[in-house]
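Examining the three-dimensional arrangement
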Amino acid sequence: MKIVYSTTLAFLWGMFFLLVLPGGAVHAQSLGNLNGIVRDSVSGEAIAFATVYIPDLKRGATTNDHGFFVINGIPAGKEYSVRVACVGYITRMHKAKITANADTKVVFRLVSTVIMMPKIEKIGEKQQEKNSTDLGLQRVSIKEMEMLPKGVEMDVFRSLRTIPGVQSTGDASAKYYVRGGASNQNLVLLDGVTIYNPFHALGMASVIDPELINSIEFYKSGFPTEYSSRLSSILNIVSKKGNANNFSGKAAASFLSTKGLLEGPLPFGSFIMTGRKSTSSQISNKFFGKNIPFDFYDYFFRVNYDNQNDVDIPRFSISGFFSNDKLINNDPYIADFNWANNMINFTYHQLFMGSFIEVGVSSSNTTGEVKPNLSSAKPKSNSLNDLSIKVDMTRIYSNKNEIRGGLLFQTIKNDLYFTMPKGIVSTNTVNAGFTGGYLKFKLMQFEDLGIDLGSRFNLAGLNTNGGMTLEPRISVTYRPHPLVGLKAAYGEYQQEMTTTADENEVVSLFEPWVIIPEYMKPSRAKHYTGGVELNATEELTLTGEIYLINQENVPSLNFNKLLASDPDFLPATQESYGLEGSVKYQAETYLVSVGYSLSYAYKVVEGWRSYPRYDSRNNLNISIEKNFGDGWTASVMWLYNSGSPFTQMVGFYDKMDVQNLFQLWVPYEAASSYGYFIDRNLGRLPDYHRMDVNVSKKFDFGFARFLIDFNILNVYNRKNLFYFERQTGKRVNMLPILPTVSLKAEF
Amino acid sequence: MRQYLVLCLVVVMAFFLNSCKEGFEPNAPFQEKYVLNCILNANDSVQIMTITRGYPPNADGSATPTGDLGVKNALVRVWVDDSVYFFHDTITERSDGSHGGGKVSFYVCKYYRSSPGKAHVVEAILPGGKKLKSSFDMPQPVSITFDPAVTVPTLQSDNFFLSWETTDRNVYFYPRLILSYKYQQDTSWILKTKKLPVDYVSRNGQTEYFYAIPSANHTIKVSKNALGSAITDIAQADQDKTHYKILGMNLEVYTLDKYLANYYANTAMQGGDFTIRLDEVDFTNITGGLGVFAGYVHQTLFINLNTDFIWSLGFNKEK
């Protein structure tokens, strides 16, 4: 404990030193800094990942999650033209005069293309920072998501399926698997806070309503040091702050839910509230072939103290997110299900002497319960309370180099009651704490070279078996030619929590979380990634990536647990490797994207090697999006996955039925057919493919703007196999052709 | 606009034509496996064992077992300490109509002696030389912690509890309550029994009873009203309850060894109505094959029912 305390203190002093010390030439004669924030011209919403570029100097920066940017070391005494651009906004040129030895503070405002609603609306604009160390990173904009076929309703997780390297195991589930990793190795963050059970209605939709989203960053691998606690991927969702200038609202309805949004100004700030409620469980007929009485809601609010015109003033926000899912049958012979997420978050951030400082205090809680009533379902209950305090500091020097560091203090209270596959009940109650942080250096001073080098340090872990550990990471981008970028990344990652997920369950309601037990070490992974980016023309971008991911100490549910003293989990090793390519042609009014991945994954448990169920070898997706003008847009998307692994049966036998032990004196008559199998997942399901089409129209009517969306899922009614019932041989297919319509009104 | 529509139509049509069903083989080539099932009852001298063979799936992957799947002429022995019990094959007619009816083979031993707490080892050598082996420890009898002088249920309490103790770990208990009563037919009294519930619910005017199920719990909670309702049912339409005399209730506790407990838990408990599994998790403790070799101990304790409670139901109690 003393070591943890002293190391933490030393780190804080070090960061303070770095922040207070002037950075390089920042105060040198005739140089000045430009920093500020990019906002939406109407709502005042901070725009994340916008590019701010000074063509005369060929220098620029990208705004962070909160819309902040910093460009230091600019020759002073001159007024510069600054180009500010972002997908979904009209690119705009601003003027900024740089004063020597001073920070020039600016607020740039961009006009949304939605507001302008031009005759022909530009799909987007290519964003580029030449030496950006962004290997494995996908930035997904809501505008892009809106263009793609949405299915029943636009969904963040389903949209990820179009990204090469992201797999799914079926239409019914929004669960995703990234580069051979398990679904519980994906971290879902809302405003930096973990959402532990992010699925509604048996996984049909994510709990996060797209209406509340400002920006999304998705790391497939090689994620930087500021992210921790998962081995596979990071989905970082930043919420909107709300319209700081006018009150406005949205209402929408689909076959799945109705929802609403209200936002508006407050004295010195803004607020936003969203809410969504399931309307009908009829849609489950299409997904599962039976009407499942699910009932869900999610609510989100955020209140901000945010001066629109002053960059220096500290900003605060308080946000909350609450979701709940129920399956109540009113039948004592059927189990009831209930699971929920609750999150409260306070953040403080400030631009201070050219540095960003962010402090966050959050509480994230998830609970879940299966009440078997009088059914044969296995009882299950889980609760997890996560209280975290985070401090992040970023110092950007005049030569564009950055130093960034942060600390995380976390306490977790975890209760679990569940039944192992062979019937043994397992219970677990743990109170644990984590102390750790990260420190990194970002070399950005060279036009054609960017290096992000750092490490996480874990001083005290949730799993005390891990000891003090480091997670070194490096990401390098080198551009030998203006059109060609070469990228490479290496990183080590640690995960101390897992779920009791049974990968043979193609649909399960919720996955209980548990801290990795003390008889195992924390899971560790190493990511080796390489990539090339070719910007052939202004419109055409080609990318290719290869990766190798090794994981060890991955908890694998012990299917052979017979005794209470047997471990619930066995340590597994996993390896995945593959290559991915994408082609994106982005013209004035249309966008063509092609993504392909060739991937391999396997897992070894107690010397037995098997393919995980999401190990689909070839994946291809093609999407074409077209803007016809006058508010009309259309898109077509085709997805192809080669067959997923499954376990073939080699025979049946008469399994003795012990439901009624008192009739065991005729065991040969108390029997039913039961299958036996070859080694796990050696067979392959048929290939999956499907085409979805979307046509949408925006129009003004009265005081409101409407968006009506027509979608057809699986237009050629492909019979993709979901599963088949072993005893009857009955084939159950995934979604058939499914036309849907949704309506959204904005006022 | 028109050219885009035509283009989309062509693409869609192309995929329509390409969406025919493809071949899919849910099964790998058949591999024969042998299955030994034997649940030894520590309280019975006659023990039954089945040794069967697996069978291939139908072309569509479904199962249709037909005929006698039993393996005959195996050398089957069970060792308990220095004792060896031989199981001999025999044959009988199926009474359940399954497997297309006909004969069914099984093995029987008629001179087994109860050996609680002892290790039991089975070895079956099949005619082709294949060996199936397994072992388990027969559970110890439990100690039922119920004072025979006490009667249940009292009129003041809605529920009562019945408990037992054991030193064995990893065992399951399957309790049940059996009512003993007499029914007067003409001039003679006939002894009858009835299985009693531990709880009940009323749905749509119908009463549904719930019975104790196997679990690791050492206690069962019995609802007085459920008990009363079930006892009342013995008279059914008979208005004259003087034709009935209540004797009392037996608490039967079946103590299952760890393998039978796990086998039960594995086969009887499902993931839930909304959980869809692709593979089934199977349980076996048979080396060289499938099935289960396990055992249980059966104990009974007579429990005196409260006279006031019986009278409150309109019945008489035999002393």
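Residues numbered from 1 in each chain as written. Chains lettered and ligands numbered in written order. Predicted model: local features only at pLDDT ≥ 70, side-chain atom pairs only at ≥ 80, totals over all residues. Heavy atoms only, no water.

Some thoughts on the overall build of chain A
This is how the line gets drawn: Working definition: helices are DSSP H or I runs of at least four residues, strands are E runs of at least two. Numbering for both runs from the N terminus. Each residue gets one of three labels from its accessible area relative to the maximum for its type: buried under 20%, exposed over 50%, partly exposed in between, using a 1.4 Å probe on protein chains only. Pairs of residues are marked as contacts when any of their non-hydrogen atoms sit within 4.5 Å. Under the convention used here, a 1.4 Å probe and the Shrake-Rupley method define accessible areas, while residue burial counts only the protein chains that appear.
A count of helical and extended segments in chain A gives 5 helices and 49 strands. Put simply, chain A has 747 residues, and 63% of those count as buried. Of all intrachain contacts in chain A linking residues separated by at least 6 positions in sequence, the fraction that spans at least 24 positions is 64%. Within the structure as shown, chain A displays about 26700 Å² of accessible surface, and the carbon and sulfur contribution to it stands at 60%.

Section: unusual backbone geometry
Backbone torsion omega between Val152(B) and Pro153(B) reads -15°, so that peptide bond is classified as cis. Note on placement: Pro153(B) falls in the loop between β9 (151–152) and β10 (159–165). Phi is positive for Asp630(A), which is not a glycine, with a value near 55°. Relative to the helices and strands, Asp630(A) resides in the loop between β39 (618–629) and β40 (632–641). For Asp630(A), a relative accessible area of 41% puts it in the partly exposed group. Here the phi dihedral of Asn681(A) falls at roughly 55°; this positive angle occurs in a residue that is not glycine. Within the secondary structure, Asn681(A) is located in the loop between β43 (671–677) and β44 (683–684).

Considerations on helix α2 (residues 224–232) of chain B
Residues and elements named next belong to chain B. Going by this rule: Polar contact criterion, stated in full: a pair of N or O atoms within 3.5 Å, where within protein one must be able to donate a hydrogen and the other to accept it, and residues adjacent in sequence count only if both atoms are side-chain atoms.
Within α2, 7 of the 9 residues are buried, leaving the element largely enclosed by the surrounding structure. Here α2 has its buried residues at Lys224, Ala226, Leu227, Gly228, Ser229, Ala230 and Ile231. For α2, the N-terminal cap is serine 223; the gap from its side-chain oxygen to the backbone nitrogen of asparagine 225 is 3.4 Å.

What to know about the side chain of Asp568(A)
Residues and elements named next belong to chain A. Tracing the backbone through its elements, the reader meets aspartate 568 in the loop between β35 (540–557) and β36 (569–586). Within the structure, the side chain of aspartate 568 is placed 2.3 Å from the side chain of serine 426, a separation counted as a polar contact. Those residues in contact with aspartate 568 that lie beyond four places of it in its chain are Phe418, Met420, Ser426, Tyr519, Ser556, Leu557, Asn558 and Lys561.

Quick notes on the packing of aromatic side chains
Residues and elements named next belong to chain A. Short version of the rule: Aromatic rings from Phe, Tyr and Trp, with only the six-membered ring used for Trp, were paired whenever their centres fell within 6.5 Å, and each pair was classed as stacked if the ring planes differed by under 30 degrees, edge-to-face if by over 60, and tilted otherwise. To sit over a ring, a charge needs its Lys NZ or Arg CZ within 6 Å of the ring centre and within 35 degrees of the ring normal.
Tallying each qualifying case throughout the model produces 36 aromatic pairs over all chains. Ring geometry for phenylalanine 247 versus phenylalanine 271: centroids 6.1 Å apart, planes at 50°, classification tilted. Of the two residues, phenylalanine 247 sits in the loop between β17 (233–239) and β18 (248–253) while phenylalanine 271 sits in strand β20 (residues 269–278), which places them 24 residues apart along the sequence. Counting every residue linked through ring pairs, the aromatic cluster contains Phe268, Tyr305, Phe316, Phe346 and Tyr348. We note lysine 626 situated over the ring of phenylalanine 628; from NZ or CZ to the ring centre the distance is 5.8 Å. When the ring centre of tyrosine 674 is taken as origin, the NZ or CZ atom of lysine 655, which lies over that ring, is 4.8 Å away.

Observations regarding the environment of Gly291(B)
Residue and element names in this part refer to chain B. Mapped onto the elements of the fold, glycine 291 is located in strand β18 (residues 290–305). Owing to a relative accessible area of 0%, glycine 291 belongs among the buried residues under this scheme. Measuring from C-alpha to C-alpha, the distance between glycine 291 and phenylalanine 302 comes to 35 Å, with 11 residues separating the pair along the chain. Setting aside its immediate chain neighbours within four residues, glycine 291 contacts Val35, Leu36, Asn37, Phe283, Thr284, Asn285 and Ile286.

A closer look at the sheet that holds β10(B)
Residue and element names in this part refer to chain B. To keep it simple, the criterion reads: Should DSSP find at least two bridges between two strands, the strands are regarded as paired. Axis angles are defined between N-to-C directions and span 0 to 180 degrees, where every axis is a line fitted to C-alpha atoms and, for a helix, only to the segment in contact.
The 3 strands lie next to each other as β8-β10-β15, forming an open sheet whose pairing is antiparallel. Each edge of the sheet is formed by a strand with only one pairing partner; in this case those strands are β8 (143–144) and β15 (219–223). Both β8 and β10 contribute to a ladder of 2 bridges, which runs antiparallel. Of the residues in β10, the one forming a bridge with isoleucine 144 is tryptophan 164. Seen against the sheet, α2 touches β10 and β15 and runs at an angle of roughly 65° to β15.

A word on the domain arrangement of chain A
Residue and element names in this part refer to chain A. Stated precisely, the cut-off is as follows: Marked domain ranges trace back to an automatic or database domain assignment. Here the buried area means the combined drop in accessible surface, using a 1.4 Å probe, for two parts upon being joined, counting both sides. Just to be clear on terms, a salt bridge is a Lys or Arg side-chain nitrogen sitting within 4 Å of an Asp or Glu carboxyl oxygen. Classification convention: Asp, Glu, Lys, Arg as charged; Ala, Val, Leu, Ile, Met, Phe, Trp, Tyr, Cys, Pro as nonpolar; all other residues, Gly among them, as polar.
When its domains are assigned, chain A resolves into domain 1 (13–116) and domain 2 (137–647 + 682–746). Once you take the C-alpha centre of each, domain 1 and domain 2 turn out to be 30 Å apart. Between domain 1 and domain 2, the contact holds 44 residues from the first and 46 residues from the second. Carbon and sulfur atoms supply 56% of the area that domain 1 and domain 2 bury against each other, a total of about 3700 Å² over both sides. Here aspartate 306 ties to arginine 39 by a salt bridge, and the two come within 2.8 Å at their closest N and O atoms. Counting across the domain 1 and domain 2 interface gives 4 residue pairs in polar contact (both at pLDDT 80 or more). Here the residues of the side of domain 1 that touches domain 2 are counted per class, giving 21 nonpolar, 15 polar and 8 charged.

Quick word on the pattern of salt bridges
Residues and elements named next belong to chain A. Counting across every chain of the model gives 32 salt bridges over all chains. As a salt-bridge pair, arginine 690 and aspartate 692 come within 2.5 Å of each other at their nearest N and O atoms. For the pair formed by arginine 690 and aspartate 692, the shared burial category is buried. Among the ionic pairs, arginine 705 bridges to aspartate 700, the shortest N-O distance being 2.8 Å. Salt bridges here are not isolated pairs; linked through shared partners, they connect Arg39, Lys241, Asp306 and Arg315.

Observations regarding the nonpolar core
Residues and elements named next belong to chain B. We count it as follows: To form a nonpolar core, buried Ala, Val, Leu, Ile, Met, Phe, Trp, Tyr and Cys residues must be joined to one another through side-chain atoms within 4.5 Å.
Ranked by internal contacts, the top residues of the largest apolar core, which has 43 residues, are Leu36, Met49, Ile51, Val76, Phe87 and Phe293. Beyond its immediate chain neighbours, meaning those up to four positions away, leucine 36 contacts Met49, Thr50, Ile51, Val122, Ala124, Leu132, Ile286, Leu290, Gly291, Val292 and Phe293. In this structure, Tyr181, Ala212, Ile303 and Phe315 belong to the second largest nonpolar core, which totals 34 residues.

A short note on the state of the cysteines
As a reminder of what qualifies: The disulfide definition used here is simple: a pair of cysteine sulfur atoms within 2.5 Å.
Evaluated as defined, the whole model comprises 0 disulfides over all chains. The structure places no disulfide on Cys38(B), whose sulfur is separated from the nearest cysteine sulfur, that of Cys109(B), by 9.0 Å.

Considerations on the confidence of the model for chain A
A low pLDDT means the predicted coordinates there should not be read in detail. Residues and elements named next belong to chain A. What counts here: Scored from 0 to 100, pLDDT records how confident the predictor is in each individual residue.
Counting all residues, the mean pLDDT for chain A is 84, and 87% of those residues have values of 70 or more. Low confidence marks residues 23–28, where pLDDT is under 50. Its contacts with residues over four positions away, or in another chain, come to 14 contacts. Segment residues 115–127: pLDDT under 50, and 47 contacts once partners within four positions in sequence are set aside and those in other chains are kept.

Observations regarding the sheet that holds strand β16 (residues 213–219) of chain A
All names here are of chain A. The 5 strands are arranged β9-β16-β17-β12-β13 in an open sheet whose pairing can be described as mixed. The open sheet is flanked by β9 (137–140) and β13 (193–194), the only strands paired with a single partner. One ladder, built from 2 bridges, connects strand β12 (residues 186–190) with β13; its direction is antiparallel. Considered in β13, the bridge of leucine 189 is made with threonine 194.

Some points on a nonpolar patch on the surface
All names here are of chain A. To keep it simple, the criterion reads: Like charges are joined within 9 Å and nonpolar side chains (Val, Leu, Ile, Met, Phe, Trp, Tyr) within 5 Å, but only among residues with over 30% relative accessible area and no salt bridge; these make up the patches.
Together, Phe268, Tyr305, Phe316, Ile318, Phe346, Val361, Leu387, Ile389 and Phe409 make up a nonpolar patch on the protein surface, roughly 760 Å² of accessible area in all. Those elements that place two or more of their residues in the nonpolar patch are β22 (315–327) and β25 (380–396). On the secondary structure map, isoleucine 318 appears in strand β22. Residue isoleucine 318 is classed as partly exposed on the basis of its relative accessible area, which comes to 41%.

A look at the side chain of Glu511(A)
All names here are of chain A. With respect to the helices, strands and loops of the structure, glutamate 511 is situated in the loop between β32 (505–507) and β33 (513–515). For glutamate 511, a relative accessible area of 12% gives the class buried. Only 2.4 Å separates the side chain of glutamate 511 from the side chain of lysine 175, close enough to count as a polar contact. Each residue touching glutamate 511, except ones within four places of it in the same chain, is listed here: Lys175, Ser183, Asn184, Asn197, Asn382, Thr499 and Ala501.

A short note on the confidence of the model for chain B
Residues and elements named next belong to chain B. Per-chain confidence: chain B averages 85 in pLDDT, with 88% of residues scoring 70 or above. Segment residues 271–276 is flagged for pLDDT under 50; beyond a separation of four residues in sequence, or across chains, it makes 26 contacts in the model. Model confidence for the complex is summarised by a pTM of 0.81, with the ipTM given as 0.84.

What to know about the environment of Gly275(A)
Residues and elements named next belong to chain A. Among the secondary structure elements, glycine 275 is positioned in strand β20. In this structure the C-alpha to C-alpha distance between glycine 275 and lysine 259, which are 16 residues apart in sequence, comes to 5.5 Å. Once you skip the residues sitting within four places of it in the chain, glycine 275 turns out to touch Thr258, Lys259, Gly260, Asp298 and Tyr299.

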